[in-house]
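Understanding the architecture of this molecule
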Amino acid sequence: MTKPRISIVIPVYNEQGILHAAIVDLRERLKSFGWSYEVILAENGSRDHTVEIGEELSKKYNDPATGQIRIMSLGEPNYGKAMKQGILLARGELVICEEIDLCDADFHRRAIDILETGEADLVIGSKLADGSEDDRPMVRHVASQAYSTMLKLLLGFRGTDTHGLKAFRRVALLDTVRACLVDKDVFASEFVIRADRGGVKIREIPVRVIEKRPPSINLFKRVPNVLKNVAKLTYAIRIRG
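All values derive from a computational prediction rather than experimental measurement. (Residues numbered from 1 in each chain as written. Predicted model: local features only at pLDDT ≥ 70, side-chain atom pairs only at ≥ 80, totals over all residues. Heavy atoms only, no water.)

**Observations regarding empty space enclosed by the protein**
This is how the line gets drawn: Buriedness of a pocket was judged along seven lines, with at least five required to meet protein on both sides within 12 Å; pockets are open sets of points on a 1 Å grid over the protein atoms alone, cavities are sets where a 1.4 Å probe fits but cannot get out, and lining residues have an atom within 4 Å of a point. Grid points are joined across faces, edges and corners, and a volume is the space filled by probe spheres set on the points. Elements are defined by DSSP. Helices are runs of H or I of four residues or more, strands are runs of E of two residues or more, and each kind is numbered from the N terminus.
Taken as a whole and assessed by the stated rule, the structure comprises one cavity of 30 Å³ or more. Estimates place the volume of the largest cavity at around 50 Å³. In terms of lining residues, the largest cavity is bounded by Tyr 79, Met 83, Ile 87, Cys 97, Lys 166, Phe 187, Ala 188 and Phe 191. Only α3 (79-89) and α7 (187-197) provide two or more residues apiece to the lining of the largest cavity.

The following block contains the structure:
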């Protein structure tokens, strides 16, 4: 089977309410780009009909020339592990890490243009950079700012955002992905910080974030686990290297 040039990895967890519509809409918006691409749905521990809907989409759309949909099922709720496995399964030369409630085709286009010029090997769509628009509830925006500040203080993070949208040249970042030791909520942070420390050419671009549905996990319930995993991340990078 012909390999797609671009792989779009999207972790999904209990997304039966928006999965089908989001994928159909994304395919429509990507159509004008003329890309050969695949979408990898990295399902992780859903208790609703997310898996069945993903399997239906993969049967309906299976031609890389027009946008192939693939689904992998992790069997446990673990966003970071699902993202990592999805990246490792990706066959494209260029990889985009997306969120099902964003599916920002404008970021896709801008990021791929940057990667193709060689200006950067990793493009980060930052919701905190100058020029960005964060239309989520204020508490979520403040939480993102606090999280990034914590990464700066603990790990010397030099950017503005580690979570959310990313695009990268797969061959340049594959070893970085494999080196990541922490999963759950902070895999994305470890990935970005390790890339920065490894000298990868990184560029941030501002994005607009609109909340299409409430988070699948309550923000305040996530805080203890995030703090625990940040402690693991600090140990993994500062102690283990």
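**What about unusual backbone geometry?**
To keep things clear, this is the line we draw: A 1.4 Å probe rolled over the protein chains alone gives each residue an accessible area, and that area as a share of the maximum for its type sets the label: buried under 20%, exposed over 50%, partly exposed in between.
Even without being glycine, Cys 103 reaches a positive phi, approximately 45 degrees. In this fold, Cys 103 is placed in the loop between β4 (94-97) and α4 (105-117). Judged by its relative accessible area of 1%, Cys 103 is buried. One non-glycine residue, Lys 184, lies in positive phi territory at about 50 degrees. Position of Lys 184 among the secondary structure elements: in the loop between α6 (170-179) and α7.

**Observations concerning the environment of Gly 118**
By secondary structure assignment, the location of Gly 118 is in the loop between α4 and β5 (122-126). Between the alpha carbons of Gly 118 and Arg 169 there is a distance of 9.6 Å; along the sequence they are 51 residues apart.

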